[in-house]
Amino acid sequence: MSTLTDTTDHACAEGSALGHLTRRRFLQAATAGATVATLPGWLADAAAASTPTGPSDGIVVLVTLTGGMDGLHAVPPVGRGAYHDARGDLALQPADTLHLDGGRALHPRLAKLHQRWQAGQLAIIDGVGAQSTDMSHFSAMDDLQHGTPITGKPASGWLGRYLDAFAEGYQGISLGSSLPVVARGAHRRAVTLPVDASLVPPRSHDRVELHRALDRFGRQSHGLGVLGQRLAGEAGGMMTEADTFRGTYPGDRSQPDLALQMMLAAKVVNANLGARFITLEHGTYDGHARQGLLYDNKFSELDHAVDRFFLTLDPAMAARTTVLIVSEFGRRVAANGSMGTDHGGGNVALAVGQNVIGGFHGEMPSLTNTTWEGNLRHTIEFSDVFAHVLDQWLGADAATVLGTPGSGPTFLRAPGS
Amino acid sequence: MNSRADIEHLLNRAGFGGTDAEIDALLPMTWGQAVNAVLDVDGAEPVWHGVPTIPQDTTNWAGDYARMVRFWLERCRTTGAPIREKMTLFWHGHFACSTDTVTLRWMMDQQRIFRAQGLGRFDNLVKAVATTPAMLHYLGNRYSHKWSPNENFARELLELFTLGAGNYTETDIRELSRAWTGWTIGDDNRSYRRAEWHDNEPKTILGATRNWDGPPTIGHILRGPTQPIAARFLARKLWEFFAYENPADTLVDDLADAFIAADLRINGLLRAIFMRNEFRSQTARQGRVRSPIEYVVAVMKRTGMDFDTTRPDWSLPDMGQTPFTPPSVEGWPLNDAWISTSTTWARAEFVERIARLVKPHNVLGDSPSRSVDGAVDHALATFGLTAASAHTRNILRDFVVDVRANRTWAEEWGLTTLALSSPEFCLA
């Protein structure tokens, strides 16, 4: 792996030049000294992708808002009396919100998203949910990540199964310290990138020797079972990953955490290393008590981070990159007594980008004809939303990945066009 | 007669890995005696020993937080009762509360309960934890009153703490949340039931109608008709924590029976787990990845270097496990979640720091004075890896041969990095 000794400090400015340099270095690292067949799993996959994504290959950045994001607080129906009746002091007042259409508005802290709405680059999908048997965070999160309603813990997620079946030569990336279920397939898994770590590849001769030794752990069976072999594979994989991605790390450390992650996501897209999806999480939106203050902060972070993403994104990638924002469930229509809301049902999902079909999709559920628990009835399954992304944006067959063809809303144009 | 590997396995799981002295002490015993020995906490330091006093209104959050982490990880490293700290880690995940919203003082107070009651009767433990200010605050029950009950605590009590999803109805949750209305925190930072907030009407919970108050519902859940479900739920979770994921139903049933026969004493359930043949199977030995906290404590124990020398708190957040700050109410995940390039990289950064300390602290002695195989054997033994695979042994051996050509100063550094990065050490 001669490139590991490369001490040339390439300029790491934003933009596509970086992508070219990094990709070249990446492929050198990936193919030097080993045949593809002996490389750690994801790296072999990535190395096989000797060309970057094509001009009409869509890329999706999946932002999961954990804890159950209250869609009625993000997109409040301020024009409806039932909303104010149910929410009381927690309800947002029309004058304080950002006007949309049809008596709907955006939360005041989502001002940058509101600008994208006005530019036709924000799709709001109403009534999204799943047929969960309970309102547990974990059952709902399992459904969301698996992509279709299931019983028991999911072994795989919809983006992971997309990798299994359709992403030949491409890869997925998860930001954070552990790999979420959504990005695990039966055979292939996304690469995780640390959010904070300073990825410095080895430079001195000793470190190169040492890292070469570390890389050997994954090259042979240890007889240590599935977990042991996976651990062994990561020992070498991380070094090549460090060398591949270090240039994509934002130099600006002053941004808040989510903004840093979104900027990193944009730079990974710009570098065009073959990634078709990037996942990250933001939480917690579990507003059982004093939800107003919590959401002021969370929405500010989210709005700023999405804005930073698009400011960092290479304009050449803009027509085929979309940000999809989902949460495991919405929240009860009526506020509870703690100035908060309990776990609910139907919710909004958001898609942001140059090639989304801006506006409302689906149907806003009734605020009064609710489930017996007092939750919004959902009309669109998670799987319908994901099916459209798979078919329209990722060039896959939704029925294969999800076990069911989608019948949901159309909120994306063709990528790249 | 047990092998050294048997005892290493027991001490890995019942604690954070054994020192040579700890292993030697158990070697002559029968398996049953060794299990009893690791479960015997009577001779260990008192639970209150050394616990830092944290002010409720701290003026130095970072400093006080560092003192808490230092105390706990040092306790894990040096305790005479590792099982108590291992269970403290388990309960911290099971009853997850977080410094995200909870004060340091309340987190420290709650941990004291895990340590003092974590091996005793499960129903008593749940009752004690349920009314800690940490829990009442974290799940929002402190603001729940009869006019509009907050369901959060009731839901987690059934789903996460006692029965598991699918074993109760939404109506049970609503009724249970009514029973817990009024349980809040006073100005003196103690929990109490605020009478005018409490719902004094009959509620029907898991089939029994009564004017329920909160704490007695825990006895109802754990000692009433749902007892077998609760026993299986915890037995499965503890088996997965100590042995491997997805155990056979029959195994879980046996453990649940033993748990009930032990009057819901946790140490009785642990004894049943460790005594199973399956606990010593290859599946079990390969069934657990060290979580970051387990990993850094094992490194401290095997190198003999303390918290202030190694400062694992600098690395734990990037490794994905920040003490007192679990990621969600579900606590920390197991195994697969700790295998990612991100965690591997963060762990490698920690190992790099440790490896540089090994020579000044004389952890491996004078390695270059040994034969090549002697140096490898000594390093593997130092890190508790006498059963390392031939592949791992070869990697260390080739490195020593190479490094001795001209850079012997790097030998201890490299051996440490490789041994601590090996899949054998990363497994628990």
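Residues numbered from 1 in each chain as written. Chains lettered and ligands numbered in written order. Predicted model: local features only at pLDDT ≥ 70, side-chain atom pairs only at ≥ 80, totals over all residues. Heavy atoms only, no water.

Chemist: Just to check I follow, could you spell out the overall build of chain B for this structure?
Modeler: Scanning chain B from N- to C-terminus turns up 23 helices and four strands. Projecting the C-alpha coordinates of chain B onto the three principal axes gives extents of approximately 80 × 50 × 40 Å. Within the span of chain B, comprising 428 residues, buried residues form 63% of the whole. Counting contacts in chain B only where the partners sit at least 6 residues apart, residues at least 24 apart contribute 70% of the total. Counting every atom, chain B has about 15100 Å² of accessible surface; 50% of that belongs to carbon and sulfur. Here chain B carries 46 positive and 52 negative side-chain charges, and the mean point of each set is 3 Å from the other. (Helix = DSSP H or I, 4+ residues; strand = E, 2+ residues; numbered from the N terminus. Buried < 20%, exposed > 50% of the residue type's maximum accessible area, 1.4 Å probe, protein only. Contact = heavy atoms within 4.5 Å. Areas by Shrake-Rupley, 256 points an atom, 1.4 Å probe, with all protein chains shown as cover. Lys, Arg positive; Asp, Glu negative; His and termini not counted. Charge placed at Lys NZ, Arg CZ, Asp CG, Glu CD.)

Chemist: What is the right way to look at the confidence of the model for chain A in this model?
Modeler: Detailed reading of predicted coordinates is not advised where the pLDDT is low. Model confidence for chain A is summarised by a mean pLDDT of 81, while 78% of its residues fall at 70 or above. Contacts for the low-pLDDT stretch residues 1-51 of chain A, under 50 throughout, to residues beyond four places or in other chains number 81 contacts. (pLDDT = per-residue confidence, 0-100.)

Chemist: Quick question: what am I supposed to make of the interface of chain A and chain B here?
Modeler: Think of interface size as the accessible area that goes away when the parts come together; that is how it is often given. At the interface, 63 residues of chain A touch 63 residues of chain B. When chain A packs against chain B, close to 5100 Å² is buried across both sides, 59% of that on carbon and sulfur atoms. Counting the contacts that link chain A with chain B gives five salt bridges. Notably, a salt bridge pairs R332 of chain A with E151 of chain B, separated by 2.7 Å at the nearest N-O pair. At the junction of chain A and chain B, the tally comes to 15 residue pairs in polar contact (both at pLDDT 80 or more). Secondary structure elements with two or more residues in the side of chain A that touches chain B: α6 (137-146), β6 (191-193), α8 (205-216) and α9 (225-245) of chain A. For the side of chain A that touches chain B, the element with the highest residue contribution is α9 of chain A, accounting for 13 residues. By residue class, the composition of the side of chain A that touches chain B is 25 nonpolar, 22 polar and 16 charged. (Buried area = accessible area lost by both parts, 1.4 Å probe. Salt bridge = Lys/Arg side-chain N within 4 Å of Asp/Glu carboxyl O. Polar contact = N/O pair within 3.5 Å; in protein donor to acceptor, adjacent residues only side chain to side chain. Nonpolar A, V, L, I, M, F, W, Y, C, P; charged D, E, K, R; others polar.)

Chemist: What is the right way to read the pattern of salt bridges from this model?
Modeler: Two side chains that carry opposite charge are able to pair once their charged atoms sit near each other. If you walk through the whole model with that rule in mind, you get 46 salt bridges over all chains. Here D213 of chain B ties to R193 of chain B by a salt bridge, and the two come within 3.2 Å at their closest N and O atoms. On the criterion of sequence distance, the pair formed by D213 of chain B in the loop between β4 (208-210) and α11 (214-223) and R193 of chain B in strand β2 (residues 191-193) is long-range, its members being 20 residues apart. Taking relative accessible area as the criterion, R193 of chain B reaches 32% and is therefore assigned partly exposed. Residue E278 of chain B is joined to R276 of chain B by a salt bridge in which the shortest nitrogen-to-oxygen separation is 3.0 Å. Each member of the salt-bridge network shares a partner with another, and the members are R332 of chain A together with E151, R155, E170 and R174 of chain B.

Chemist: Would you mind showing me how to read the packing of aromatic side chains here?
Modeler: For any pair of aromatic rings, the description consists of the separation of the ring centres together with the inter-plane angle of the planes. All names here are of chain B. If you walk through the whole model with that rule in mind, you get 29 aromatic pairs over all chains. A cation over an aromatic ring shows up here: R280 above the ring of W31, its NZ or CZ 3.9 Å from the ring centre. Directly above the aromatic system of F425 lies the positively charged group of R290, at a separation of 4.7 Å from the ring centroid. (Phe/Tyr/Trp six-rings, centres within 6.5 Å; stacked < 30°, edge-to-face > 60°. Lys NZ or Arg CZ within 6 Å of the ring centre and 35° of its normal.)

Chemist: Would you explain the environment of G320 of chain B in this entry?
Modeler: With respect to the helices and strands, G320 of chain B occurs in the loop between α18 (316-319) and α19 (341-358). Counting along the chain gives 23 residues from G320 of chain B to T343 of chain B, while the straight-line C-alpha distance between them is 6.7 Å.

Chemist: Help me understand the packing of helix α5 (residues 82-94) of chain B against helix α14 (residues 266-275) of chain B in this model?
Modeler: Each pair of packed helices can be described by the angle between their axes along with the distance between the axes. Residues and elements named next belong to chain B. Here α5 crosses α14 at 105°, and the two axes come no closer than 13 Å. In terms of axis orientation, α5 runs roughly perpendicular to α14. Packed against α5, whose contacting residues are I83, M87 and W91, the element α14 presents I266, L270 and F274 at the interface. Classifying every residue of the contact of α5 with α14 gives six nonpolar, no polar and no charged. (Axes fitted to C-alpha atoms, helices over the stretch in contact; angles between N-to-C directions. Parallel < 35°, antiparallel > 145°, perpendicular 65-115°, else oblique.)

Chemist: Teacher, can you tell me more about the packing of helix α21 (residues 390-403) of chain B against helix α22 (residues 411-421) of chain B here?
Modeler: Residues and elements named next belong to chain B. At a closest axis distance of 10 Å, the pairing of α21 and α22 adopts a crossing angle of 165°. Taken together, the axes of α21 and α22 are roughly antiparallel relative to one another. Crossing hand, α21 versus α22: right-handed. Contacts from I395, L396, F399, V400 and V403 in α21 reach E411, G414, L415, L418 and A419 in α22. (Left-handed = near helix turned anticlockwise from the far one by under 90°.)

Chemist: Is there a simple way to think about the environment of E363 of chain A in this case?
Modeler: Residue and element names in this part refer to chain A. For E363, the location among the structural elements is in the loop between β10 (359-361) and β11 (380-381). With a relative accessible area of 55%, E363 lands in the exposed category. Measuring from C-alpha to C-alpha, the distance between E363 and A213 comes to 58 Å, with 150 residues separating the pair along the chain. Contacts of E363, omitting those with residues within four sequence positions, involve D126, G127 and T379.

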